[in-house]
Amino acid sequence: MSTDAKNSQAQMEKIVSLCKRRGFIFQSSEIYGGCGGVWDYGPLGAELKRNLRTAWWNTMTREREDVLGLDASILMNPAIWKASGHVDTFADLMRECSLTNKRVRADHVEPQDGVVMKYSGAKSPTGWRWDRTISALLKNGEHIESFRKRIRALIAQNAGEAAGKPEEIELLGEEKIDAVNGSIDFHPETGGALGEARPFNLMLKTYLGPTATEADVTYLRPETAQAIFAQFKNVFDSSRVKVPFGIGQIGKAFRNEVTPKNFTFRSREFEQMELEFFIKPDEAVEIICGEVAKWHEGADLSEPQPNWGWEMWHRYWVAERTKFYEGIGLGDVLEYYWQTPEDLAHYARACVDILCEFPFGTEELEGIAARGDFDLSQHQKHSTKSQEIFDEELKNAAAKLTDEQKEALIQKRLAAEQAKVKGEPMPEAEVRAWFERLFKGNYVPHVIEPSAGLDRMALAVIAKAFSETEKVDDKGKKEIITVLRLHPRVAPIKVGVFPLLKNKPELVAKAREVYALLKKHMNCFYDETASIGRRYARQDEVGTPFGVTIDFETLGEKGPELQDTVTLRHRDSGEQERVKISDLLGKLLPLVS
């Protein structure tokens, strides 16, 4: 392992330790040995997630006139998942360890070097036998006896009590087969040879009804988006909105990840924040406006325009989501991956992954996809319920077109269909039927989808904020100081309130008064134990951006001009300033909201 990799692993271990020690994140069901790939958020983690939710919700819905909210159920009719393609295609290619039957995603196997060892079988004094070939990788640097001990333990674990004690298992017919370099054919944990890659469905199955028969099968939703599509017409009809508009939702989703990893980054239960932003088809924009605005470097994305097609809307939402991440302190750790035509789903026109630097590498934080009308059209087809909307402006504009102009639009679309590199082109008859409805003002909206993971976002802001410095005291003793430099907007605790001394009733009373004043408006923490420096350090470690100290100046003992003022300490700069208690709330609120 390289030095950089070791440092990154050590950094991640420190973050995980801090999260447990200070009440951000705990292993689910820890007292019973845990539950793999599932995490619980402690007092500070719950506040952090709540702040991130609120920041997303306010930015995406309350501060906009064109986005509405939804809170849909986790359990839905399983026909939704058939229509969306999840039942048939929502799968990862998996490979199975021939030694332990453990599965691993085919694309998660890191190259390994070593020697392939082969055994004809195994037996034990209990009479148990294993008459099948065992192939496993003796990794470079691993002692042969350690390897044999590991293989015996894995066999015993798989065979159960029948095999007896691992150390009594005899490995039969040992052979050294071949040295390999960069092989991806062995399980990364066990070293056992991997079988062929096979698809493995990621949806978690359950039953809706008392009989638990196949007729009652449903699924825990693997994403929140499909509920938005299924409720599109209800929202549209009940809210008096016009396209373009969006529907946003925050909620739990579940995926049966075979190899959850990197702490909370890839989990089996997680929370998504998704927006489906519905737009007119480009053809409708062209009919109404006479042209569709083309994207170019330097294009003005500050204010949406009527002539925007899917490409401008897609770029707009990439810019908007980037602004959001900058607003929570992640601006300088973002990268972008624009998917190539080979990467894209057959129905997608474009997709950009917003990537973020984590200690374990640069990974996806959010995807923003231009999905066309695929989702609504699928639900229209499978449910037989129309998902079309009627646009009076479009109908009136189309009525002014000549037959030649209409035919030119049709021919343009036919040429685009023939130029498709993925998916089957739409037959000419279907294209003409689609335009016939379009000219009458009817269409299924297209969609731009920004989809973010709340758990990944929480981990990203913690990892970005984590910092360590070495402090040397007067006696030369070194101490590592941990500070979470969380953005004030998302910090779980906004302000720590401290009386300078706990044995001075007048200081404590005034500190409690200040605490009560702030507590109504923001999450605060009151602390009167240990030295003031130690109290500052405790709050620095959990990311509290501000500290308020009530001292003798507050009581007027250093002169009336300082009476009813407090010391306001800024975490990141260490700056301290005197602020009147009457001005404190007005100064802090803009900084933390």
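See the structure above.
The structure displayed is predicted, hence computed values, not measured ones.

Chemist: Quick rundown of helix α17 (residues 581–592)? Include the residues and the values.
Modeler: With 12 residues, α17 ought to run about 16 Å at 1.5 Å a step, and its terminal C-alpha atoms sit 17 Å apart, in line with that. Within the sequence span of α17, burial applies to I581, L584, L585, L588 and V592. End-on, the buried residues of α17 take up no more than an arc of 90°, which puts them together on one face. For α17, the exposed residues set more than 90 degrees away from the buried face come down to S582, G586 and P590. Elements in contact with the buried residues of α17: β25 (495–499), α15 (505–519), β27 (546–550), β28 (565–570) and β29 (576–580).

Chemist: Go over the sheet that holds strand β8 (residues 129–130) with me, naming the residues and quoting the values.
Modeler: Adjacent strands of a sheet pair through backbone hydrogen bonds, lying either parallel or antiparallel. Reading across the sheet, the three strands line up as β8-β7-β10 and stay open at both edges, with antiparallel pairing between neighbours. Here the strands that pair on one side only, and so sit at the sheet edges, are β8 and β10 (170–172). Against the sheet, helix α5 (residues 144–159) touches β7 (121–123), β8 and β10, its axis set at about 100° to β10.

Chemist: Please provide a residue-by-residue account of the pairing of β29, values included.
Modeler: Bridge count between β28 and β29: five bridges; the pairing is antiparallel. In the strand pairing of β29, T565 is matched with K580. In this antiparallel pair of consecutive strands, β28 and β29, the connection spans five residues, and G574 shows a positive phi of 75°.

Chemist: How would you sum up the nonpolar core? Please name residues and give values.
Modeler: By size, the foremost hydrophobic cluster in this structure holds 63 residues, and its most contacted members are F24, L52, W317, Y325 and I328. Residue assignment for this core shows that the elements contributing at least two residues are α1 (3–21), α2 (43–62), β16 (269–279), α9 (310–326), β18 (350–358), β19 (361–372), β22 (446–453) and α14 (454–465). Take this core: its biggest share by element is nine residues, from α14. Every residue in contact with W317, bar those within four places of it in the chain, is listed here: M60, R64, L275, F277, I368, I448 and P450. Of all hydrophobic cores here, the second largest spans 44 residues; its members include W81, F90, A397 and L401.

Chemist: For the packing of aromatic side chains, give the residues involved together with the corresponding values.
Modeler: Under the criterion given, the structure shown has 24 aromatic pairs. Measuring from ring centre to ring centre gives 4.8 Å for F277 and W313, while their planes differ by 45°; the resulting arrangement is tilted. Placement of the pair is F277 in strand β16 and W313 in helix α9, with a sequence separation of 36 residues. As far as the burial class goes, F277 and W313 line up, both buried. Three or more aromatic residues joined by ring pairs form one cluster here, namely F229, F232, F236, F245 and F278. Cation over ring: R456 sits above F265, and NZ or CZ is 3.8 Å from the ring centre.

Chemist: Quick one: what's the story with helix α7 (residues 232–239), residue by residue and with numbers?
Modeler: All buried positions along α7 are accounted for by F232, V235 and F236. All buried residues of α7 fall inside an arc of 95° around its axis, so they share one side. Away from its buried face, by an angle of more than 90 degrees, α7 presents the exposed residues N234, D237 and S238. Residues of α7 that are buried make contact with β3 (67–70), α6 (225–230), β15 (245–254), β16, α10 (374–383) and β20 (389–390). The first or second residue beyond α7 is R240, which carries a positive phi of 55°.

What counts as what
- Residues numbered from 1 in each chain as written.
- Predicted model: local features only at pLDDT ≥ 70, side-chain atom pairs only at ≥ 80, totals over all residues.
- Heavy atoms only, no water.
- Helix = DSSP H or I, 4+ residues; strand = E, 2+ residues; numbered from the N terminus.
- Expected span 1.5 Å × (residues − 1).
- Buried < 20%, exposed > 50% of the residue type's maximum accessible area, 1.4 Å probe, protein only.
- Arc of directions from axis to C-beta.
- Contact = heavy atoms within 4.5 Å.
- Pairing = 2+ DSSP bridges.
- Axes fitted to C-alpha atoms, helices over the stretch in contact; angles between N-to-C directions.
- Core = buried A, V, L, I, M, F, W, Y, C linked by side-chain atoms within 4.5 Å.
- Phe/Tyr/Trp six-rings, centres within 6.5 Å; stacked < 30°, edge-to-face > 60°.
- Lys NZ or Arg CZ within 6 Å of the ring centre and 35° of its normal.

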